[in-house]
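Coordinate inspection notes
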Amino acid sequence: MVNQRRLALPNPHLTEVTEDFLYHLGLTTHDNLTDMFKDVKFIVMGGSSTTMLEFAKYARGELYLPSDRLENLCRSERYGLWKVGPLLVVAHGVGAPSITILLHELFKLVHYSNATNVMFIRVGTSAGIGVEPGTIVISENALNASLRKEHRQVVLGQEISRPTILDQVLAQALLMCQNDPNIPSMLGSTLCAEDFYEGQGRLDGAFCDYTEEDKIEYLRRAYTMGCRNIEMESCAFSSLCHRAGVRGAVVCVTLIDRLQSDLMSPADVERYDELVRRPHQLVIKFIKRQLGLKIKENKSLAQATSTPPTATQPVTS
């Protein structure tokens, strides 16, 4: 029998609070959080509210749940929050500050709702480093822009460094769920940049004080350290999940190979929607195995049962 482990909050000041406000979710401890969220076992998050709502619709069908209208349980305009049975689907916005704020409030939500053994999985798109577009990269490690396995944050004027540790057993279990030979998948380290342009060595921002040779040298150095993709949230995500004592994983698809180009090819732009769905479908397959639900083994991950929005200007992380 699996031990039911509740998320403990190490902040001693919370014991003095009579009503705790989850400001950016628009929820408080005076809401009936136990009735709303106690059965949650998986929290899957991604950047875009539109994309994550489509993921929630897809998950609802795959988990054989009623097709009632999905309600956004987030009562503020900051994030998106949809409950699909034991799955909580969340839109976290872009970058470390946004996901950090959200994780603080999600950890408190899980604690106050008395949910147990909750896994956190981030899904999204990314830029590849030395891998072909369409590759699913499941993060073994998260490296910051200085190529160190740490998340740095300034607290009360002091820079604090905390390790970026992801659950290796969970990463392996996710990889084992990917059995489509047409979709390359791998474990690899993820380079977590601090922004989309200069932080990722792009040449197409408003400012650029380095050469293409400088960019390639940096990316090759990251590649030799095991990095296979670039995004902007994995350091904060991995560090905070480890600090909270919850199992965390990052599953992203690559849209380009940054050693070759900063832009998606026309062919990859055409299949953008299908690429975006790859991590979603892999994670749903994992969740179904965890729940003991039947998996349609003859169905390719590249096929879709939902219709995500067409991207007019695809971004690469």
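Residues numbered from 1 in each chain as written. Predicted model: local features only at pLDDT ≥ 70, side-chain atom pairs only at ≥ 80, totals over all residues. Heavy atoms only, no water.

Thoughts on the side chain of Ser 189
- Position of Ser 189 among the secondary structure elements: in strand S10 (residues 185–192).
- According to the relative accessible area criterion, Ser 189 is buried, its value standing at 5%.
- Here Ser 189 is in contact with Asn 141, Leu 143, Met 225, Gly 226, Cys 227, Arg 228 and Asn 229, once residues within four sequence places are set aside. (Helix = DSSP H or I, 4+ residues; strand = E, 2+ residues; numbered from the N terminus. Buried < 20%, exposed > 50% of the residue type's maximum accessible area, 1.4 Å probe, protein only. Contact = heavy atoms within 4.5 Å.)

Overview of helix H4 (residues 168–176)
- By the burial criterion, the buried members of H4 are Leu 170, Ala 171 and Leu 174. Summarising the axial view, the buried residues of H4 lie within an arc of 100°, below the 170-degree limit, and thus occupy one face. Away from its buried face by more than 90 degrees, H4 exposes Val 169 and Met 176.
- Buried residues belonging to H4 abut strand S6 (119–128), strand S7 (136–143), S10, strand S12 (247–257) and helix H8 (272–291).
- For H4, the side-chain oxygen to backbone nitrogen distance between the N-cap and Val 169 is 3.1 Å, and the N-cap itself is Asp 167. (Arc of directions from axis to C-beta. Polar contact = N/O pair within 3.5 Å; in protein donor to acceptor, adjacent residues only side chain to side chain.)

Brief notes about the side chain of Ser 76
- Within the secondary structure, Ser 76 is located in the loop between helix H2 (49–62) and strand S4 (80–84).
- The exposure class of Ser 76 is buried, given its relative accessible area of 18%.
- A polar side-chain atom of Ser 76 sits 2.5 Å from the main-chain carbonyl oxygen of His 24.
- Residues in contact with Ser 76, not counting those within four places in the same chain, are Tyr 23, His 24, Leu 25 and Gly 26.

Some points on the pairing of strand S3 (residues 42–46)
- With five of five residues buried, S3 lies mostly within the body of the structure.
- The sheet contact formed by S3 and S6 spans four bridges and is parallel. Across the sheet, the residue bridging to Met 45 is Arg 122, located in S6. (Pairing = 2+ DSSP bridges.)

A closer look at the nonpolar core
- Ranked by internal contacts, the top residues of the largest apolar core, which has 34 residues, are Ile 43, Leu 106 and Phe 120.
- Sorting the residues of this core by element identifies helix H1 (33–37), S3, strand S5 (87–91), helix H3 (96–113), helix H6 (234–244) and S12 as the ones contributing at least two each.
- If you tally residues by element for this core, the top one is H3, at seven residues.
- Beyond its immediate stretch of four places on either side in the chain, Phe 120 contacts Ile 43, Met 45, Leu 103, Leu 106, Phe 107, Val 110, Phe 237, Cys 241, Val 246, Arg 247, Gly 248 and Ala 249. (Core = buried A, V, L, I, M, F, W, Y, C linked by side-chain atoms within 4.5 Å.)

Considering the packing of H2 against H8
- Where H2 contacts H8, the two axes come as close as 11 Å, and the packing angle between them is 35°. Once H2 is placed against H8, the crossing between them reads as right-handed. Within the contact between the two elements, H2 uses Thr 51, Phe 55, Tyr 58, Ala 59 and Glu 62 and H8 uses Val 276, His 280, Gln 281, Ile 284 and Lys 288.
- Partitioned by chemical class, the residues of the contact of H2 with H8 number five nonpolar, three polar and two charged. (Axes fitted to C-alpha atoms, helices over the stretch in contact; angles between N-to-C directions. Left-handed = near helix turned anticlockwise from the far one by under 90°. Nonpolar A, V, L, I, M, F, W, Y, C, P; charged D, E, K, R; others polar.)

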